[in-house]
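Chain and residue survey
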Amino acid sequence: MTRVALVSGGTRGIGAAIATALKAAGYVVAANYAGNDERAKAFEAETGIPVFKWDVSSYEACAEGIAQVEASLGPVDVLVNNAGITRDAMFHKMTPGQWSEVINTNLTGLFNMTHPVWSGMRDRGFGRVINISSINGQKGQMGQANYSAAKAGDIGFTKALAQEGAAKNVTVNAICPGYIGTEMVLAVPERVMNERILPQIPVGRLGQPEEIARCVVFLASDDAGFITGATLSANGGQYLA
Ligand code: CAA
């Protein structure tokens, strides 16, 4: 039986690596994206993974988009909530817009994406929800009051939902990547990266998207059926939760 996996923010960065790894592991995969049509089409052409455009910060858009995915590929068995944005600013300079954009995408997006697939997973007696949180939700990060709050919220969401899904064989776990070599991280000012961040990573390098993707493939598998409500840190030793 082929399982269907949906990856939000699945056409670039960590999400693209996750979608590609799940396909290689035998899943039928759909990749959601919000904005960059050109990159999404290139990803689809390169990988053969169909892409679906909607904004995870809208509940209605998620319900409609997921209905389209399910109509074309079948019910979603594995949901990877990966879509996320940064709007970094010191708190004294942070605008209400920078706060709400990040909360709406990185935290409310998990509600919006998970709610439409949850009852189906419960009814079928199988499901995997894998939430991509962040080291900065665990330890907090200056310049990221919005992002750290959302990512910490993702961990609370994971733990609560895990308890609800357990009896129905629906597991819910979080992965907390550290600094991974993607466009999001490479947007950090070079001086901050070299002087403040890299020296704090004991393995001495940024992580690779594929290193997070392999964690997702494991948590999605039947072998991970006894793991739920967990937070898996993959951060090169930068923060020991
Ligand atoms: N760690 C340690 N110190 C940091 C820091 C960090 N991540 N970010 C900023 N600082 C320090 C700066 O070095 C600076 O200190 P000094 O003047 O003593 O050198 C001080 O904070 C203020 O920084 P700026 O001069 O850059 O101030 P600014 O107002 O121009 O910009 C900022 C502030 C927008 C937060 C900018 O510094 C920045 O983008 N920092 C990176 C923040 C960060 O780590 N974001 C993570 C992005 S990656 C991600 O989010 C993925 C993930 O899940 C890990």
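Now for a quick tour of the structure. Here the structure is a predicted model, which is why all the values come from computation and not from measurement. (Residues numbered from 1 in each chain as written. Predicted model: local features only at pLDDT ≥ 70, side-chain atom pairs only at ≥ 80, totals over all residues. Heavy atoms only, no water.)

Some thoughts on the side chain of Arg128
- In this fold, Arg128 is placed in strand 5 (residues 127-132).
- No salt bridge is formed by the buried Arg128, whose closest oppositely charged neighbour, Asp222, lies at an N-O distance of 4.2 Å.
- A polar side-chain atom of Arg128 sits 3.3 Å from the main-chain carbonyl oxygen of Leu219.
- At 3.0 Å, the side chain of Arg128 forms a polar contact with the backbone oxygen of Ser221.
- Excluding anything up to four places from it in sequence, Arg128 contacts Asp77, Val78, Leu79, Met121, Asn169, Thr171, Leu219, Ala220, Ser221, Asp222, Ala224 and Gly225. (Helix = DSSP H or I, 4+ residues; strand = E, 2+ residues; numbered from the N terminus. Buried < 20%, exposed > 50% of the residue type's maximum accessible area, 1.4 Å probe, protein only. Lys, Arg positive; Asp, Glu negative; His and termini not counted. Salt bridge = Lys/Arg side-chain N within 4 Å of Asp/Glu carboxyl O. Polar contact = N/O pair within 3.5 Å; in protein donor to acceptor, adjacent residues only side chain to side chain. Contact = heavy atoms within 4.5 Å.)

Re the nonpolar core
- Core analysis: the largest hydrophobic core is formed by 29 residues, its most contacted members being Ile18 and Leu22.
- When sequence neighbours within four positions are dropped, the list of residues in contact with Ile18 reads Val7, Val80, Asn82, Ile132, Ala213 and Val216.
- Residues Leu79, Leu110, Val117 and Val129 belong to the second largest nonpolar core, which totals 22 residues. (Core = buried A, V, L, I, M, F, W, Y, C linked by side-chain atoms within 4.5 Å.)

Regarding the pattern of salt bridges
- Applying the stated criterion across every chain yields a total of nine salt bridges.
- Of the charged contacts in the structure, one is a salt bridge between Arg191 and Glu195, with a shortest N-O distance of 3.7 Å. With Arg191 and Glu195 both in helix 9 (residues 190-197), this residue pair falls four residues apart, about one helical turn. Both residues of the pair, Arg191 and Glu195, belong to the exposed class.
- Between Glu211 and Arg205 there is a salt bridge, with its nearest N and O atoms 2.9 Å apart.
- Since its relative accessible area comes to 25%, Glu211 is described here as partly exposed.
- Overlapping salt bridges bring together Arg12, Arg39 and Glu183 as one network.

Quick look at the side chain of Gln144
- With respect to the element layout, Gln144 can be found in the loop between helix 6 (135-139) and helix 7 (145-165).
- Given the relative accessible area of 5%, Gln144 is considered buried.
- Discounting residues that sit within four places of it in the chain, Gln144 has contacts with Thr86, Asp88, Ala89, Asn136 and Ala149.

Structural notes on the site of the ligand
- Taken together, 22 residues sit near the ligand, with Asp88, Lys93, Ser134, Tyr147 and Arg196 positioned nearest.
- Here Ser134 contributes a side-chain N or O atom positioned 2.6 Å from an oxygen atom of the ligand.
- Residue Gln144 places a side-chain N or O atom 2.9 Å away from an oxygen atom belonging to the ligand.
- Look at the ligand: alone it shows 970 Å² of surface, and the protein chains cover 75% of it.
- Taken together, the elements giving at least two residues each to the shell around the ligand come down to helix 6, helix 8 (183-186) and helix 9.
- Per-element accounting of the shell around the ligand gives the leading share, four residues, to helix 9. (Near = heavy atom within 4 Å. Areas by Shrake-Rupley, 256 points an atom, 1.4 Å probe, with all protein chains shown as cover.)

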